[in-house]
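For reference, the chains in residue letters:
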Amino acid sequence: EQVVGSRRLSNYWWASVIFLGAFGFFIVGLSSYLGFNLLPFLNASDITFFPQGLVMCFYGLVGFLLSLYLWLIILWSVGEGYNEFNKKDGTFCIFRRGFPGKNRRIQ
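Residues numbered from 1 in each chain as written. Predicted model: local features only at pLDDT ≥ 70, side-chain atom pairs only at ≥ 80, totals over all residues. Heavy atoms only, no water.

(A) Fine view of the overall build of the protein. Within the protein, the regular secondary structure consists of 2 helices and 4 strands. Reading the protein from its N end, one meets helices and strands in the order β-α-α-β-β-β. Against the 2.2 N^0.38 benchmark of 13 Å for 107 residues, the protein shows a C-alpha radius of gyration of 21 Å, more extended than a compact globule. On the principal axes, the C-alpha backbone points of the protein span a range of 70 × 25 × 15 Å. When the accessible area of the protein is evaluated, it comes to approximately 7800 Å², of which 67% is carbon and sulfur surface. Of the side-chain charges in the protein, 9 are positive and 5 negative, and the distance between the mean point of each set is 8 Å. (Helix = DSSP H or I, 4+ residues; strand = E, 2+ residues; numbered from the N terminus. Rg over C-alpha atoms; globule rule 2.2 N^0.38 Å. Areas by Shrake-Rupley, 256 points an atom, 1.4 Å probe, with all protein chains shown as cover. Lys, Arg positive; Asp, Glu negative; His and termini not counted. Charge placed at Lys NZ, Arg CZ, Asp CG, Glu CD.)

Listed below in structure tokens is the structure:
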């Protein structure tokens with residue numbers, strides 16, 4: 001029996017949504033620092049850099065890191081594997097992929 005692991009549609013969805021949200025936060029914070037709008041549909045003229053723009057940049061950076069983590073988990077197929085039931089021998093085997101490194105194969 002195959003196990004999908006991290007390559008589910010919902011993980012692709014959330015990694016994309018978090019990336020786009022982080023991009024928006026970071027661009028608005030950067031626009032407030034520079035004093036003009038980097039994107040015409042994101043108006044940052046009413047936001048002062050300290051403290052609102054700085055916090056927006058921080059949230060954007062944290063969102064980028066979270067999105068990167070989710071995309072790497074999807075790329076590495078963490079949690080993917082199979083369950084093997086053998087009634088003849090009376091054995092049961094669980095195999096999963098972990099994070100890259102020495103112990104990537106979990107049995």
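(B) Geometry of the pattern of salt bridges. Following the criterion strictly, the structure yields 1 salt bridge and no others. Two residues, Arg 97 and Glu 80, come together in a salt bridge whose shortest N-O distance is 3.6 Å. In this pair, Arg 97 sits in strand β3 (residues 91-97) while Glu 80 sits in the loop between α2 (49-76) and β2 (81-86), placing the two residues 17 residues apart along the sequence. (Salt bridge = Lys/Arg side-chain N within 4 Å of Asp/Glu carboxyl O.)

(C) A look at the environment of Gly 21. You can see Gly 21 is positioned in helix α1 (residues 9-34). In this structure Gly 21 comes out as partly exposed when scored by relative accessible area, which is 33%. In this structure the C-alpha to C-alpha distance between Gly 21 and Gly 90, which are 69 residues apart in sequence, comes to 50 Å. (Buried < 20%, exposed > 50% of the residue type's maximum accessible area, 1.4 Å probe, protein only.)

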